Amino acid sequence: MSFLDFLPGRRAASLIGLDVSSSGVKLVELGRHASGEYVVERMASEPFEKGWIVDGQIEKFDEVADAVRRVLLKSGTKTKQVALAMPQSSVITKKINLPGGLREEELELQVEAEANQYIPFSLDEVSLDFCVIGPSPDAVGDVEVLIAASRKDRVQDRQGLAEAAGLKPVVLDIESHASRLAIGRIIGALPNEGRDALVALFEIGADTTSLKVLRDDELLYDRDQAFGGAQLTQLISRQYGLSFEEAETKKLAGDLPDDYEAQLLTPFVESMAQEVGRALQYFFTSTPHHKVHYILLSGGTASLPGLTDRVTQLTGFAARIVNPFDGMQLGPGVREGRMRRDAPSYLTACGLAMRRFLQ
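Residues numbered from 1 in each chain as written. Predicted model: local features only at pLDDT ≥ 70, side-chain atom pairs only at ≥ 80, totals over all residues. Heavy atoms only, no water.

(A) Layout of the overall build of the protein chain. Within the protein chain, the regular secondary structure consists of ten helices and 16 strands. In terms of overall size, the protein chain behaves like a compact globule, its C-alpha atoms giving a radius of gyration of 21 Å where 359 residues would be expected to give roughly 21 Å. Taken over the C-alpha atoms alone, the protein chain extends approximately 65 × 50 × 45 Å along its principal axes. Looking at the 359 residues of the protein chain, the share that counts as buried comes to 49%. Taking all contacts inside the protein chain whose residues are at least 6 apart in sequence as the whole, residues at least 24 apart take part in 66%. (Helix = DSSP H or I, 4+ residues; strand = E, 2+ residues; numbered from the N terminus. Rg over C-alpha atoms; globule rule 2.2 N^0.38 Å. Buried < 20%, exposed > 50% of the residue type's maximum accessible area, 1.4 Å probe, protein only. Contact = heavy atoms within 4.5 Å.)

(B) Here's a closer look at the packing of aromatic side chains. Evaluated as defined, the whole model comprises seven aromatic pairs. Between the aromatic rings of F227 and F268, the centroid separation amounts to 5.7 Å while the plane-to-plane angle is 15°, which identifies the pairing as stacked. Placement of F227 in the loop between strand 13 (218–225) and helix 5 (230–240) and of F268 in helix 7 (residues 260–286) is noted, with a sequence separation of 41 residues between them. Comparing F227 with F268 shows no difference in burial state: the two are buried. Aromatic ring contacts, followed pair by pair, group Y221, F283, F284 and F317 into a single cluster. Positioned above the aromatic ring of Y282, the side-chain terminus of R223 is 4.0 Å from the ring centre. (Phe/Tyr/Trp six-rings, centres within 6.5 Å; stacked < 30°, edge-to-face > 60°. Lys NZ or Arg CZ within 6 Å of the ring centre and 35° of its normal.)

(C) Focus on the nonpolar core. Counting 34 residues, the largest nonpolar core has F202, L211, L280, V292, I295 and L307 as its most contacted members. Breaking this core down by element, the ones donating at least two residues are strand 11 (198–204), strand 12 (209–215), helix 5, helix 7, strand 14 (294–298) and helix 8 (307–315). The dominant element in this core, judged by the number of residues it contributes, is helix 7, at twelve residues. If you look at the next biggest cluster of nonpolar residues, it comprises 29 residues, including V40, L214, A349 and A353. (Core = buried A, V, L, I, M, F, W, Y, C linked by side-chain atoms within 4.5 Å.)

(D) Fine view of the sheet that holds strand 7 (residues 92–99). Sheet architecture is open: three strands sit in the order 7-9-8, paired in antiparallel fashion. Lying at the two open borders of the sheet, with one neighbouring strand each, are strand 7 and strand 8 (126–135). The average angle at which neighbouring strand axes cross in this sheet is 25°, direction not considered. Of the strand pairs in this sheet, strand 8 and strand 9 (residues 142–151) are connected by nine bridges, and their pairing is antiparallel. Looking across to strand 9, one finds that C131 is bridged to L146. (Pairing = 2+ DSSP bridges. Axes fitted to C-alpha atoms, helices over the stretch in contact; angles between N-to-C directions.)

(E) Seen up close, helix 5. Listing the buried residues of helix 5 in full gives A230, L232, T233, I236 and S237. Projected onto a plane normal to the axis of helix 5, the buried residues spread over an arc of 155° and lie on a single side. Contacts made by the buried residues of helix 5 are with helix 6 (244–253) and helix 7. Once helix 5 finishes, G241 follows within two positions and takes phi at roughly 65°, a positive value. (Arc of directions from axis to C-beta.)

(F) Representation of helix 8. Looking at helix 8, one finds that the buried residues are L307, T308, V311 and T315. Down the axis of helix 8, the buried set is contained in an arc of 95°. They therefore lie on one face. Structural note: helix 8 exposes D309 and Q313 on the side pointing more than 90 degrees away from its buried face.

(G) Focus on the pattern of salt bridges. Following the criterion strictly, the structure yields 20 salt bridges and no others. One network of salt bridges, in which partners are shared, links E46, R70 and K74. (Salt bridge = Lys/Arg side-chain N within 4 Å of Asp/Glu carboxyl O.)

(H) Quick peek at the confidence of the model for the protein chain. For the protein chain, per-residue confidence averages 91 on the pLDDT scale, and 96% of positions sit at 70 or higher. Contacts from residues 6–10, a stretch scored under 50 in pLDDT, to residues over four places away or in other chains number twelve contacts. (pLDDT = per-residue confidence, 0-100.)

(I) The packing of helix 7 against helix 8, seen in detail. The contact between helix 7 and helix 8 brings their axes to 9 Å, and the two run at 45°. Looking at the two axes, helix 7 sits oblique to helix 8. Every pair of crossing elements has a handedness; the one defined by helix 7 and helix 8 is right-handed. Residues V269, E270, M272, A273, Q274, V276, G277 and L280 of helix 7 form the contact with helix 8, whose participating residues are L307, R310, V311, L314 and T315. (Parallel < 35°, antiparallel > 145°, perpendicular 65-115°, else oblique. Left-handed = near helix turned anticlockwise from the far one by under 90°.)

(J) Local environment of the sheet that holds strand 10 (residues 168–174). With mixed pairing, the six strands of this open sheet are ordered in space as 10-6-1-2-3-16. In the strand order of this sheet, the two ends are held by strand 10 and strand 16 (329–330), each with one partner. Here strand 6 (residues 81–86) pairs with strand 10 via six bridges, running parallel. The residue of strand 10 that forms the bridge with M86 is I174.

Okay, structure coming up:
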């Protein structure tokens, strides 16, 4: 398995997407009709306890591997080939220009020479890969090449995790690239196929919220904030004397006291909406842009009651929840109610599963 297997011509006959984050593991397996329509064949999730994965580093390998095995059993999949992703914080990426027409071996030598300038580790310590994006926008005759590198121990952790669960890792992507692949379908379904629209994608994780502003296939802006759904869980834990795990379970199940909405949920939704507004203001003050056309909210926290309405009111831009399965058929093993409830948290897993169909 090569790190960052972006290269075409390696389409898998079957593939599951496995998103391993600090809060849990999510699995998606997709099929596709001859007409091109996707089918959600399987989806399943399994939570992690706090501290099993910290800052993208697997701290409790055996526990995480057990959870991956459980999610495989829960999903019922027989597929062994898997696409995984590295957290953005664990990967160094850089776009460079190289002369067009180079053979593969020549490209590799050039990439290694260039990588030395940008990677603060010895190349012996990193897994390095690259892909040719296309003609350079800056230099006629050159090609634009994306270099990606991550420390070998981080890559081997992800690879070892898959193998410990009986899987064969064939693609190792970057989480943000996987989510952008999935969101591309959603943007393509917007009016005028989303062309020229500024789309603000907020991915609200357990500990971090990221804002990506996209226009067509271009990433205009990318910024992370230390704010996420785990903060609501911590508030619940303190307010009602629960462990973090108990608080998370009750939050997801809606099994909380009558005063929860007024005391905790409404103020948290207000704080979350303000964080979204602040993130957009950073974007406006650091770029020539002063508006976005759409705000898309993803991640489990995106489904909090009232969040999209409050974001729309506070920012003045229409917000909506992301459903990466929108427009897909559901296989017999997927319950529609659960899919719709949990869909916003499956953006990365869906993008990884879509790698099966890349030419």
